[in-house]
Each structure stands twice: as C-alpha cells, then as structure tokens.
Amino acid sequence: MKLIRTIKEIQSIVESYRQQGKIVGFVPTMGCFHEGHLSLMRIARKGADVVVVSIYVNPTQFDPGEDFESYPRQFERDEKLAEQERVDILFYPSDKEMYPKGYLTYVTVNKITKVLCGVSRPHHFEGVTTICTKLFHVVKPHFAVFGQKDAQQAIVIQRMVEDLNFDMEIVVGPIIREKDGLAMSSRNKYLSPEERKDALSLFQSLQLAERLITEGERTSKDILSAMKKLVASRKGTRIDYIEIVDATTLKALETIKGEVLIALAVFVGNTRLIDNIVVNC
Ligand code: PAF
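Keep in mind the model is a prediction, meaning the values are calculated, not measured.

S.K.: Any chance you could explain helix α6 (residues 124-139) here in plain terms?
M.R.: An α-helical segment advances 3.6 residues per turn. Residues three or four places apart therefore align on the same side. Spanning 16 residues, α6 covers 22 Å between terminal C-alpha atoms, matching the ideal 22 Å at 1.5 Å per step. The element α6 is largely enclosed, with a buried count of 14 among its 16 residues. The first or second residue beyond α6 is K140, which carries a positive phi of 50 degrees.

S.K.: How do you make sense of the packing of aromatic side chains when you look at a structure like this?
M.R.: The description of two aromatic rings rests on the distance between their centres and on the angle between their planes. Per the stated rule, a full pass over the model turns up 9 aromatic pairs. Ring geometry for Y99 versus Y103: centroids 5.0 Å apart, planes at 90 degrees, classification edge-to-face. Residue classification places Y103 among the partly exposed residues on the basis of a relative accessible area of 22%. Here the aromatic cluster, defined as three or more aromatic residues joined through ring pairs, consists of F26, F136, F146 and F166. The side chain of R73 reaches across the aromatic face of F68, ending 5.0 Å from its centre.

S.K.: Can you help me understand the sheet that holds strand β8 (residues 259-268) in this one?
M.R.: Think of a sheet as strands paired side by side through backbone hydrogen bonds, with each pair either parallel or antiparallel. Taking strand neighbours across the sheet as the criterion, the 3 strands line up as β7-β8-β9 in an open arrangement whose pairing is antiparallel. Only two strands of the sheet have a single partner each, and these edge strands are β7 (237-246) and β9 (271-280). Direction aside, neighbouring strands of the sheet carry axes that sit 15 degrees apart on average. Sheet topology note: the β7/β8 ladder contains 9 bridges and is antiparallel. Paired with I244 across the bridge in β8 is I262.

Rules used in this analysis
- Here the residue index of a chain counts from 1 through its sequence in written order.
- Reporting of local features is limited, given that this is a predicted model, to residues whose pLDDT is at least 70; pairs of side-chain atoms are given and counted only at 80 or more, and all residues count toward the totals for whole chains, interfaces and linings.
- For side-chain calculations, the full set of non-hydrogen atoms in the structure is used, while hydrogens and water are omitted.
- A helix here means a DSSP run of H or I that spans at least four residues, while a strand means a run of E at least two residues long, and both kinds are numbered starting from the N terminus.
- A helix is expected to span 1.5 Å for every residue after the first.
- Partly exposed residues are those whose accessible area sits between 20% and 50% of the maximum for their type, while under 20% is buried and over 50% is exposed, using a 1.4 Å probe and protein chains only.
- Each pair of aromatic rings taken from Phe, Tyr and Trp, with Trp reduced to its six-membered ring, is defined by centres within 6.5 Å and is described as stacked if the planes are under 30 degrees apart, edge-to-face if over 60, and tilted in the remaining cases.
- A ring is considered to have a charge above it if a Lys NZ or an Arg CZ atom is located within 6 Å of its centre and within 35 degrees of its normal.
- Two strands are counted as paired when DSSP detects at least two bridges linking them.
- The convention used is that axes are lines fitted to C-alpha atoms, helices contributing only their stretch in contact, and that angles between N-to-C directions extend from 0 to 180 degrees.

This is the structure:
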C-alpha cells in the first residue's frame, strides 16, 4: 500500500493507472476506522482495480462548537487496517494541502442541505460538498463509495455529482450495526457505558416504526410520536430531530408512500448520533 500526502503525487499516480485502463474506486473517510468503513473498502475492492482511501478530518464540515478538535484520530491503526483490506493507496493530506492560504471557494447544494441534519448543522454539508469536490478532482475515481448511515450526505453527494456533471458513479453501502443494533460510528467512542445503553433507543425506535408500518400504519404523525416517546423514555437522550421524508427530495411526508427515509439525530449525553432506515410502500 502506498501512503501519499500530496495532491501532485496522487494526481500523477492515479493518472498513470487510468492510462493503463484500470478502474479506480475511492472511499473518502475521516479515519478512525470501524467495520462500517472497512465494509465500504470491501465494496470498492470488489469493483475496482485500484482502491484509494483518503483520511482527512475536514475542518470546514464541523460547525462552531462541534467536536473537530476532539474528533478521534488514530492514523497508525487505520493504516494497518487499510493494508489488511488490500487498499492500494492511502491518501493522507495535510490542512495546508487541502486548504492553502488564501482559500475562498465553496460548493453549495441547495434545499436538501437545509433540512434534517442541516437545521442544527448549518455549515456541515457545504463543508462536505466542498471537500468531496476537491477529493474527486484530485483522486479522479471512476466511482466513490459512501455509507447509508449518513443517508443525507449520500443523497446530497449524489445530487451534486449529477448537477455538476462529475464523470463518476456514487455507490452507497449498507449500514453496519453492532450485534445489538447500534449503528457503527466513530462517535460511539464518546459514549459512557450508561450512554451506550441509551443509544440503543435510536435503532429501537426505527424498528418500532418498521413494525408499525408492517402492521399497516401509514400516518407519519402517529409513527413519529411513537418513536419520540420511545427515545424520550431514556433519560440521557435529547432528540435533535426524528423525521419521515421522501428518500430523494427529503420533503416531509404526511403519509408513508413510495421510497421513504425515516431518519433521526439524537444527543446521547453530549454525543450526537444519527441513524435511519429506508422503507418502500
Ligand atoms: O462521511 C465522512 O466521513 C465525511 O463526511 C467525508 C465524506 C469523508 C467528507 O469529509
């Protein structure tokens, strides 16, 4: 596995692979790998001749007061794990490389970034779309793999790639869960043993929604109120949002119909966790 730290170097290596007709698959990450990340690397490995993984904790996608400084960083462990997954190139740029002095350009996707997570994280998606644009230009992959855990992020990136005519595909890998159902996340590391128990209420509320829908319930208001009641029954939780929306437009739905995203963000202690399911009715 090659470790590359500069844009110039990765551009020239990927260009030479592309000229040899090799398919380049890309997994952008912020490091601190768990099974969720590794599953995305495996998806890339299956479809690509050359797998590139980036590790970059992107400052522009953290809103003021969020956990940019304390975000877990464990490069040496990540490097070993990437090697085990047969990643070909690990791209690990510095802040100076990604946002040099005088940097002024940002990429904005409208509407779908203003709802769900965009309400409490107003700058987050602009940071994500900006860094992904930069990484896509630098790495020039044929496809990039994102996780369904960040459902809104995947939808926003898909929209951007289509709107701005990026010549690449976006592939979305399924959510990977712990045995008890908690969605894997780098932020699970912040949870105390008590909070870890409370955190299970996110998945349990999604399971409840699924059960109600299977039993025939179609009114979003009733499903949401049952979910909110379940989450709020855990003392250590504070709901940021629980919503039922169209899985493409992210518009709130009064009635469950078509491809529906049920998504939630909940503070467990000080840690903000997200989870979701997609149902087809
Ligand atoms: O999902 C993430 O880890 C980040 O948002 C991403 C896509 C790597 C951009 O920094």
